[in-house]
Amino acid sequence: MFDDFIEPLDKPWTQTCIGGGKLYMVDSVLRMAFESARQGQYTDAQIDDYDNLPRANYPWRPPLCMQVIARSSLPAATFSSTAESTGILRGTAGFGFWNYPFSVRGDILMLPEAIWFFYASPPSNMALVPGIPGWGWKAQIVHSMRPGALAATVPMTVSTVFGLLTGETRPAARWMQKLTGASEAILPVVMTDWHIYTLEWQPDVATFFVDDKLVLRAPHPPTRPLGFVAWLDNQYAIATPRGVLRFGTFSSGPQWLEMDSVKIESI
């Protein structure tokens, strides 16, 4: 439980509250929230444990087990959702481990590495795995920092150009997955209900469970040190086999993501 959380939150968690984002306790539950967000201004409510650390000293690597009990104020986007859809959680949210591949200014410094439960709503469209929507509530790994990613760069470029000329994007979609090293699965749960999210991260395989039910088993996860993060923001990202790469922010009404507990331990 979050019995150790007070105002302000105790270490080792670093608090980030930007653009109206808030962190506060509701009956011993940590709530990451904002009342509103507007296009053109980044809004974020976040905790992490890697602030000011060099990436080589990020605190987590396999083998470990993470268990989070969480829920959201609004349901997840579905396959048919659009950027104009109402009544859904808007922006990105989640919890797990990543390498924070950006600078303080937001520049991309390295390829992303992540192993987490990740949510995005349209207009986000990160089409990393063929046949899976580029948005939604997912179990996901991204393993770009590996030798196979470099080998996929040229075929990815060629197949993207081919897709732009012919409209056939399936080869580029396959190379996109090889480039990013992504594995993911849409979570078959109602995001507004309390669920137990479990990640078992081994050097050779990552296994994701929701309420003790297997949802994804992904080989070849990241093995470099990563940092824990949990957040809710109003950002979107687009990365498609058609060669579209774009980031931005958009408007939102009141929403929140709550965590009743976080447990991370070596196994």
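Residues numbered from 1 in each chain as written. Predicted model: local features only at pLDDT ≥ 70, side-chain atom pairs only at ≥ 80, totals over all residues. Heavy atoms only, no water.

**Some thoughts on the sheet that holds strand 6 (residues 92–98)**
Ordered in space as 1-4-14-6-7-9-10, the 7 strands form an open sheet in which the pairing is antiparallel. Every other strand in the sheet has two partners, leaving strand 1 (14–18) and strand 10 (183–186) as the edge strands with one partner each. Neighbour-to-neighbour, the strand axes of this sheet turn through a mean angle of 10 degrees, independent of strand direction. For strand 6 and strand 14 (residues 227–233), the ladder comprises 7 bridges, and the chain directions are antiparallel. (Pairing = 2+ DSSP bridges. Helix = DSSP H or I, 4+ residues; strand = E, 2+ residues; numbered from the N terminus. Axes fitted to C-alpha atoms, helices over the stretch in contact; angles between N-to-C directions.)

**Some points on the packing of aromatic side chains**
Inspection of the entire model under this criterion finds 19 aromatic pairs. Cluster of aromatic residues (ring-pair linked, three or more members): Tyr50, Tyr58, Trp98, Tyr100, Trp116, Phe118 and Trp231. Above the ring of tryptophan 256, the side-chain terminus of arginine 31 is found at 4.2 Å from the ring centroid. (Phe/Tyr/Trp six-rings, centres within 6.5 Å; stacked < 30°, edge-to-face > 60°. Lys NZ or Arg CZ within 6 Å of the ring centre and 35° of its normal.)

**Some points on the side chain of threonine 16**
Positionally, threonine 16 belongs in strand 1. The class of threonine 16 is buried, set by a relative accessible area of 18%. (Buried < 20%, exposed > 50% of the residue type's maximum accessible area, 1.4 Å probe, protein only.)

**Concerning the nonpolar core**
Counting 45 residues, the largest nonpolar core has Phe95, Phe97, Phe117 and Phe208 as its most contacted members. Per-element tally for this core: the top contributor is strand 5 (residues 64–72), with 4 residues. Core analysis: the second largest hydrophobic core is formed by 15 residues, Tyr50, Val229, Trp231 and Ala237 among them. (Core = buried A, V, L, I, M, F, W, Y, C linked by side-chain atoms within 4.5 Å.)

**Details of the environment of alanine 237**
Topologically, alanine 237 is positioned in strand 15 (residues 235–239). Separated by 112 residues in the primary sequence, alanine 237 and asparagine 125 place their C-alpha atoms 6.4 Å from one another. Dropping the residues within four chain positions of it, alanine 237 is found in contact with Ser124, Asn125, Met126, Arg246 and Phe247. (Contact = heavy atoms within 4.5 Å.)

**Topic: the pattern of salt bridges**
Counted according to the given criterion, the structure contains 4 salt bridges. The shortest N-O distance in the salt bridge between arginine 224 and glutamate 113 comes to 3.9 Å. A residue pair is termed long-range when its members are at least 10 positions apart, and arginine 224 in the loop between strand 13 (213–219) and strand 14 and glutamate 113 in strand 7 (residues 113–120) qualify at 111 residues. With relative accessibility at 1%, the residue glutamate 113 sits in the buried group. Overlapping salt bridges, with partners in common, bring together Arg31, Arg71 and Glu258 in one network. (Salt bridge = Lys/Arg side-chain N within 4 Å of Asp/Glu carboxyl O.)

**Here we look at the sheet that holds strand 16 (residues 245–249)**
On the basis of which strands lie adjacent, the open sheet formed by 3 strands has the order 8-15-16 and mixed pairing. The strands lining the two open edges of the sheet, one partner per strand, are strand 8 (125–126) and strand 16.

**What about the pairing of strand 9 (residues 136–143)?**
Counted residue by residue, strand 9 has 8 buried out of 8 residues, so it is predominantly covered. Residues Gly136, Lys138, Gln140 and Val142 point to one face of strand 9 and Trp137, Ala139, Ile141 and His143 to the other, with burial holding for every one of them. Both strand 7 and strand 9 contribute to a ladder of 8 bridges, which runs antiparallel. Its bridge partner being in strand 9, phenylalanine 118 is matched across the sheet by lysine 138. For strand 9 and strand 10, the ladder comprises 4 bridges, and the chain directions are antiparallel. In the sheet register, alanine 139 faces strand 10, and the bridge partner there is alanine 185.

**Topic: the pairing of strand 7**
Burial runs high along strand 7: 8 of the 8 residues are buried. As judged from the 7 bridges shared by strand 6 and strand 7, these two strands associate in the antiparallel manner. By the bridge assignment for strand 7, phenylalanine 97 is matched with isoleucine 115.

**Comments concerning the side chain of glutamate 258**
By the element assignment, glutamate 258 lies in strand 17 (residues 255–266). Given the relative accessible area of 1%, glutamate 258 is considered buried. At a separation of 2.5 Å, a polar atom in the side chain of glutamate 258 contacts the side chain of arginine 31. The contacts of glutamate 258, once residues within four sequence positions are left out, are Val26, Val29, Leu30, Arg31, Ile69, Ala70, Arg71 and Trp194. (Polar contact = N/O pair within 3.5 Å; in protein donor to acceptor, adjacent residues only side chain to side chain.)

**Details of the confidence of the model for the protein chain**
Should pLDDT be low for a region, the predicted coordinates there are not to be read in detail. Mean pLDDT for the protein chain: 87, with 82% of residues reaching 70 or above. For the stretch residues 1–9, pLDDT sits under 50, and the model shows 23 contacts to residues farther than four places along the chain or on other chains. (pLDDT = per-residue confidence, 0-100.)

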